[in-house]
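Coordinate analysis (summary)
In case you want the letters, here they are:
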Amino acid sequence: MLLYIIRRLLLLIFVLFGVVTLVFMLIHMIPGDPVDIMLGDHAIAADRKLLTENLGLNQPIHLQYASYMAGILRGNLGISIHSKRPVTDEILERFPASVELMFGAMVVALIMALPLGIISALKPYGIIDNSSMLISFLGISIPNFWLGPLLIILFSIQLDWLPINERGGIEHLILPSITLGTAMAAMLSRMIRASLLEVLNEEYVRNARAKGLPERKVILKHALRNALIPVITIIGLQVGVLLSGAIITEAIFDWPGLGSLLLDAIYSRNYPLVQGCILFIATIYVLVNLLTDLTYAWVDPRVRLE
Amino acid sequence: MFQSKWTYIGAVIIAVFALAAIFAPWLAPYNPYDMRLAEQLSLPTLEHFMGQDANGVDIFSRLMHGARISLSVGVIVVLISGTIGITMGLVSGYYGGWPDTILMRLVDILMAFPGLLLAIALVSVLGPNILNVVIALTVLGWVSFARLVRGQVLSVKEREYIQAARTSGQSDARIMVVHIFPNILSPVIVQATFSVAGVIIAESSLSFLGLGAPPGTPSWGAMLSEGKQVILEAPHVSIFPGLAIMLVVMAFNFLGDGLRDRFDPKSTIN
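Before going further, it helps to examine the overall build of chain B. Helix and strand counts for chain B come out as 11 helices and 0 strands. The linear arrangement of helices and strands in chain B, starting from the amino end, is α-α-α-α-α-α-α-α-α-α-α. When the backbone C-alpha atoms are referred to their principal axes, chain B occupies close to 75 × 45 × 35 Å. Per-residue burial over chain B gives 53% buried out of 270 residues. Looking at chain B as shown, the accessible area adds up to about 11800 Å², and 68% of this sits on carbon and sulfur atoms. For chain B, the separation between the mean place of its 15 positive charges and that of its 16 negative charges on side chains is 11 Å.

If you want it as structure tokens, here you go:
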């Protein structure tokens, strides 16, 4: 296990290094002078000079890269252009809202996927299985920037049950969570079904039945627990879908998280903040993946030998 | 039977949308840029059966023209990223060694950006327009093809018929193109079908966020974003473009699923 962890950590360092390099290159991919684009045509020369120096754009590129790298190692992602505040502060301020939304989405996904997946596996090709299959096709295909507005139309405008925008109590969290969690629920329910179906044929399940355990116990205690192992990986990978989907969901519901911070930064051409957000989201994703893999290796020792 | 029925439904839906896209300039009842501000946000009527948007433009005509953008971006991105990914996957899987190591590490780095994040990043610096969307989605898309093909090549290259081709003195390029590629084509086709669905959603997501087609372009994602501005007064503006996206994406998913079952009957058992 230790060897496995070390190998994964080395890979992690390499990947993060690559990610930082790519994000660093972004500002140099802007066609034209980035300072012109950020400040607009009417900027005075002094402001332009100041920003150029602040961003280090007057230095040779390898020095820029070195100081960017050094800054990141100290947790310094640069200064946000308009607010003049550290990018790190702005990101950390918005992060809890995104976590809340992703957590809500994951809860929604599990509430929908667990019963659907289990029932489908117990009665494969039955009515519930077939309709849950159709529902998952719908869930995967429905774009969340359409599902969100549809939910708003139904629950906020027609029925007037739930508030439309912004963060607040739990009732504010419901629609955004459903919007973000549906695709994940669709994917998960099919995964749980497939995984449970496979496990139900195993000998230890037959064994549990043979020794006369009640069916409920066989399913929940013996089969489901093992069936959920591969599902862990999917949940980990789905965090990426949530992180990326949160950008769109936050735009629909004016949710004050990282996604809307990133979009606002893009619209106002605040590139240091754009870079910071992208780097932050990618890092979170890489770390969650590592955690998932380690958990998976811990529950299923065969993985470590790969 | 359940499966194959849905496959045909998928194919038919795709055909209908493709025809609508191709013949939109002749079939669309109105000009998709024809603003009638006096009729803005009017509800569906006999003349405009999906209603009119905030500029009074006929929504149905805009949808038909939007199909041109969505489908062509979907197909073009999959063709380019597929070609790049297949080539990279073939070379790295076949030769192994350092080309393989470089490719896999590059893939690791690109995969560190979840979902659309990398595309959003690229479009945000390159500027929002359709060409840059195609570039960004290609950068995103080739990875899955490369990984798939590499894995397939690894499992095929030790087979006897490949050894035979090698012993008979055929060139590596010929072995890859003539002997390996046709044998791994089916999963690639399945992947391409699913990818078209993914690219269509990605393109409309970017347009929805204002990072795709420029404002005013009849693109499904942009239409939804305009619809969101007026969702309180005119929910109908949001309904039809989303329905179009969902139908097309679902159709490609049905087709991909059906093709997978056809190519690999084992996968139906689960």
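Back to the text.
With that settled, the discussion passes to the interface of chain A and chain B. In this complex, chain A contributes 50 residues to the contact, which on the side of chain B involves 46 residues. Considering only the surface of chain A that becomes buried against chain B, A:F137, A:F145 and A:W146 emerge as the three largest contributors, covering 17% of it. Run the count over chain A and chain B and you get 0 salt bridges. Taken together, the connections running from chain A to chain B amount to 7 residue pairs in polar contact (both at pLDDT 80 or more). For the side of chain A that touches chain B, the elements supplying multiple residues, two or more each, are α1 (2-26), α6 (127-141), α7 (144-158), α8 (170-200), α10 (215-253), α11 (258-267) and α12 (271-299) of chain A. Sort the elements by how many residues they give to the side of chain A that touches chain B and α1(A) lands first, with 8 residues. Partitioning the side of chain A that touches chain B into residue classes produces 42 nonpolar, 5 polar and 3 charged.

The subject of this paragraph is the side chain of A:S244. With respect to the element layout, A:S244 can be found in helix α10. For A:S244, a relative accessible area of 8% corresponds to the buried category.

The next point concerns the packing of helix α6 (residues 160-167) of chain B against helix α7 (residues 172-180) of chain B. Residue and element names in this part refer to chain B. Axis separation between α6 and α7 bottoms out at 11 Å; the angle between their running directions is 145 degrees. For the element pair α6 and α7, the recorded crossing hand is right-handed. Between α6 and α7, the contacting residues are Y161, I162, A165 and R166 on the first element and I175, H179 and I180 on the second. A per-class count over the contact of α6 with α7 returns 5 nonpolar, 1 polar and 1 charged.

Quick notes on the rules
Position numbers for residues count from 1 along each chain, tracking the sequence in the order it is written. A letter from A marks each chain and a number from 1 marks each ligand, given out in the order of writing. At least 70 in pLDDT is required for a residue's local features to be given in this predicted model, at least 80 for side-chain atom pairs to be given and counted, and no such filter applies to totals for whole chains, interfaces and linings, which use all residues. With hydrogens and water set aside, each side-chain value is computed from the structure's full complement of heavy atoms. Helix numbering and strand numbering both begin at the N terminus, where a helix is a DSSP run of H or I of at least 4 residues and a strand a DSSP run of E of at least 2. Each residue is placed in one exposure class: buried if its accessible area under a 1.4 Å probe, protein chains only, is under 20% of its type's maximum, exposed if it is over 50%, and partly exposed if it falls in between. The Shrake-Rupley method, run with a 1.4 Å probe sphere, supplies the accessible areas, and residue values consider only the shown protein chains as cover. Neither His nor the chain ends contribute to the count of charged residues, in which Lys and Arg are positive and Asp and Glu negative. Lysine's charge is taken at NZ, arginine's at CZ, aspartate's at CG and glutamate's at CD. Only heavy atoms enter the contact rule, under which two residues are in contact if any of them lie within 4.5 Å. The quantity reported as buried area is the accessible area (1.4 Å probe) lost by two parts once they are put together, taken as the sum for both. Between Lys or Arg on one side and Asp or Glu on the other, a salt bridge is scored when a side-chain nitrogen of the former is within 4 Å of a carboxyl oxygen of the latter. Think of a polar contact as two N or O atoms within 3.5 Å of one another; within protein, one of them needs to be a possible hydrogen donor and the other a possible acceptor, and neighboring residues in sequence only count if both atoms come from side chains. When residues are grouped by polarity, Ala, Val, Leu, Ile, Met, Phe, Trp, Tyr, Cys and Pro land in nonpolar, Asp, Glu, Lys and Arg in charged, and all others, Gly among them, in polar. Only the contacting stretch of a helix is used when fitting its axis, a line to C-alpha atoms as for every element, and angles between N-to-C directions run 0 to 180 degrees. Crossing handedness is read from the near helix: turned anticlockwise from the far helix by less than a right angle, it gives a left-handed crossing, and turned clockwise, a right-handed one.

The quantities given are spatial measurements derived from coordinates; they are silent on function.
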